[in-house]
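# Understanding the architecture of this molecule
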Amino acid sequence: MSMRTGRTTRAGQYLALTGYLVFLAFPFVWLISTAFKPARELGSLHPTWIPEHPTLDNFRQAFDEQPLLQAAGNSLLAAVSAGVICVLIATPMAYVMARHRGRLSAAATGWVVISQAFPFVLLIIPLFLILKNLHLINSLAGLIMVYVVWSLPFALWMLVGYVRAVPAELEEAASVDGAGRLRTLVSVTAPLLAPGIVATALFAFITAWNEFFFALVLLKTPEKQTLPVVLTHFIGAEGAADLGPLAAAAFLATLPSLLLFAFIQRRITGGMLAGAVKS
Amino acid sequence: MTLATPAATERTGGRWSGGRWSGGRRPGQRRKDDGRGGERAARDRATWFLVLPALIPILVLSVGPLLYGIGLAFTDAQSGRTRSTQWIGALNFQDLLHDTLFWDSFRIGLLWAVGVTVPQFLLALGLALLLNENLRMRWLARALAIIPWAMPEVVVGIMWRLVYNPDAGILNETIRDLGLGDGRDWLTGFGTALPAVIVVGIWAGMPQSTVALLAGLQNTPHELHEAAALDGAGAWRRFRTVTWPALKPVALSITALNFIWNFNSFALVYVLTSGGPGGRTRLPMLFAYEEAFRYGQFGYAAAMGCVMVAVISVILAVYLAGRLRGGDDR
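It is worth spelling out the overall build of chain A at this point. Helix and strand counts for chain A come out as 12 helices and zero strands. Taken from the N to the C terminus, the helices and strands of chain A come in the order α-α-α-α-α-α-α-α-α-α-α-α. For 279 residues, the compact-globule estimate of 2.2 N^0.38 gives 19 Å, and chain A exceeds it by more than 25% at 23 Å. For the C-alpha atoms alone, the extent of chain A along its principal axes is close to 75 × 70 × 35 Å. Counting over 279 residues, chain A shows a buried share of 54%. Restricting to contacts in chain A with at least 6 residues of sequence separation, those with at least 24 account for 71%. With the model as given, the accessible surface of chain A reaches about 12,300 Å², and the carbon-plus-sulfur share is 67%.

What follows is the structure in structure tokens.
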């Protein structure tokens, strides 16, 4: 579309793009800057963009103030389990949904759409009561169960797209060769699906790693809480906070999902788009 | 698509499963697959084997609790009470009707959802159009536009608290530098709190919208643009006659979904203001959360959830109707 774009138009476009870049980047730059500033600079009445004497003190202090390592461990356990279990149970169902357009698939697709609209408060109260009866409050196992089901709709959405991308003829060829249904699935379809399955698992991981609401309600003691919940402890009751350690901890909590997201970004956007554009 | 009516099912004794007839005969069909029923049954078993691992958790931890939650809305369920829970009919809903605090939060929720969704869509559309051009910093903008998507909402909230901080925040410092005054305490001011959190909401949700719109743009046929340009159509005309019609289905989808997500959002505002000052940013989800887990009013909070679902269902229905009509147009 670059043809006959006038010089003034171009200039305007670059100006607009710069505006977007500033808007998108400045909070993030500010977070990083604050994380590396020594206490003296943070207390200054005229804050600067770039720390004059960058320091790691805030990181050390953050680890001293809150059980960050333990929280990161809890988050990691919850997110890995949720990612793995989610794709283990979602892949077979997504396969059926993609290959058999029957009533079950229609119902499942309908549920995927509707579940996007749940206000979670309607879900969390009964879940809280159910998990309480099972003695799974303040337990990561209970949280993982919730995360698995919570990531399922989008996982199914993505996986159905990946399955549809595998030509059904390949499977038919295998079954003509005498392979059984499950055999075909495992030896022909699964390897082709592998990249999509990995992307979906990572997406479920990120979702669980970032999740806050369910963790806030279901986890009571600091030893059990996940990173996002522990982060909010840095903000005092009156909203007062030690800005440096707060920024340092927040920055660290973002890194894993940011790195993974960069890695699978194309696949996620592709999966999301399949839904947004077609469906 | 032909549907099995109950009458047809009775007549032949067959049943639908997985979109196929199993057992029985299709009306008017000769019994010709005799002896293959065993294979069909094995196929059905295999299907169930594949579906159940996901279906059971969905039913137990999602559909079940949702129905349970709707049921709770008609009871006086409370936390930490020894007396058993009573069925109280629509009493919770009657109370809700007169609960001005709830309707205040509902109004704030709608303001917030519209205030975030509409500007977010317009900004995302602009960014998507720019990213679709052959510009030099495009890769950087794309990378940056993704960041908010990957961040935990709690971190987004914390990050913006640092920006909005009255003394050490960059926003007030910039205002001071530009000589526009001393700046203010954005998140605790009665008039500024809601606009301030709305800006954060817009920032946080832009990536998804931008990516979806960009993909929509890239799906529009290039030739149409060129033809329109050759016909002498200006940029605005080309947008209106070529780009927008192709983009409309995507735009409709993401706007409806974003509205629903925003209306239901929790973490961002919880971290930024906890609903303050004086309830000026208390979204319905925050209100229901407090009602349920601070005051232990499970039944009442569930009723709030039901009202939220009802409103969202109406919006979803309007959106689906619009989308179906849009499908007929093309």
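There is more to say, and it comes next.
It is worth spelling out the interface of chain A and chain B at this point. Counting from both sides, the interface comprises 86 residues of chain A and, opposite them, 100 residues of chain B. Approximately 8,800 Å² of surface area, both sides summed, lies buried where chain A meets chain B, with 79% of it carried by carbon and sulfur atoms. Here chain A and chain B share one salt bridge between them. Two residues, A:R10 and B:E133, come together in a salt bridge whose shortest N-O distance is 3.5 Å. The interface formed by chain A and chain B holds 10 residue pairs in polar contact (both at pLDDT 80 or more) in total. Looking at the side of chain A that touches chain B residue by residue, the class counts come to 64 nonpolar, 17 polar and five charged.

Residue and element names in this part refer to chain B. Within the secondary structure layout, W87 lies in the loop between α2 (37-72) and α3 (91-97). On the basis of relative accessibility, which here comes to 62%, the residue W87 falls in the exposed class. For the pair W87 and G299, spaced 212 residues apart in sequence, the C-alpha to C-alpha distance is 9.9 Å. Among residues more than four places away in sequence, those in contact with W87 are G71, F74 and T75.

This next bit is on empty space enclosed by the protein. Counted by the stated rule, this structure contains one cavity of 30 Å³ or more. Taken together, A:W30, A:T34, A:K37, A:E41, A:L42, A:P47, A:L243, B:L162 and B:A168 form the lining of the largest cavity. Contributions of two or more residues to the lining of the largest cavity are made by α1 (7-35) and α2 (39-43) of chain A. Split into classes, the residues belonging to the lining of the largest cavity amount to six nonpolar, one polar and two charged.

With respect to the helices, strands and loops of the structure, A:F120 is situated in helix α6 (residues 120-133). On a C-alpha basis, the gap between A:F120 and A:V148 in space is 15 Å, while along the polypeptide they are 28 residues apart. Contact partners of A:F120, with chain neighbours within four places excluded, come to A:W150, A:F213, A:F214 and B:M285.

This part covers the confidence of the model for chain A. Per-residue confidence for chain A averages 85 on the pLDDT scale, and 92% of its residues sit at or above 70. Put simply, helix α12 (residues 243-278) of chain A is where chain A has its lowest mean pLDDT, 77, and helix α10 (residues 213-218) of chain A is where it has its highest, 95.

What follows concerns the packing of aromatic side chains. If you walk through the whole model with that rule in mind, you get 35 aromatic pairs over all chains. One aromatic cluster is present, formed by A:F120, A:F128, A:Y147, A:W150, A:F212, A:F213, A:F214, B:F266, B:Y270, B:Y289, B:F293 and B:F298 through successive ring pairs.

All names here are of chain B. By secondary structure assignment, the location of T75 is in the loop between α2 and α3. From its side chain, T75 meets the backbone oxygen of L72 in a polar contact 2.8 Å long. Dropping the residues within four chain positions of it, T75 is found in contact with T85, Q86, W87, I88, N92 and G299.

Basis of the calculations
Residues numbered from 1 in each chain as written. Chains lettered and ligands numbered in written order. Predicted model: local features only at pLDDT ≥ 70, side-chain atom pairs only at ≥ 80, totals over all residues. Heavy atoms only, no water. Helix = DSSP H or I, 4+ residues; strand = E, 2+ residues; numbered from the N terminus. Rg over C-alpha atoms; globule rule 2.2 N^0.38 Å. Buried < 20%, exposed > 50% of the residue type's maximum accessible area, 1.4 Å probe, protein only. Contact = heavy atoms within 4.5 Å. Areas by Shrake-Rupley, 256 points an atom, 1.4 Å probe, with all protein chains shown as cover. Buried area = accessible area lost by both parts, 1.4 Å probe. Salt bridge = Lys/Arg side-chain N within 4 Å of Asp/Glu carboxyl O. Polar contact = N/O pair within 3.5 Å; in protein donor to acceptor, adjacent residues only side chain to side chain. Nonpolar A, V, L, I, M, F, W, Y, C, P; charged D, E, K, R; others polar. 1 Å grid on protein atoms, 1.4 Å probe; cavity = no way out; pocket = protein on both sides within 12 Å on 5 of 7 lines; lining within 4 Å. Points joined across faces, edges and corners; volume = space filled by probe spheres on them. pLDDT = per-residue confidence, 0-100. Phe/Tyr/Trp six-rings, centres within 6.5 Å; stacked < 30°, edge-to-face > 60°.

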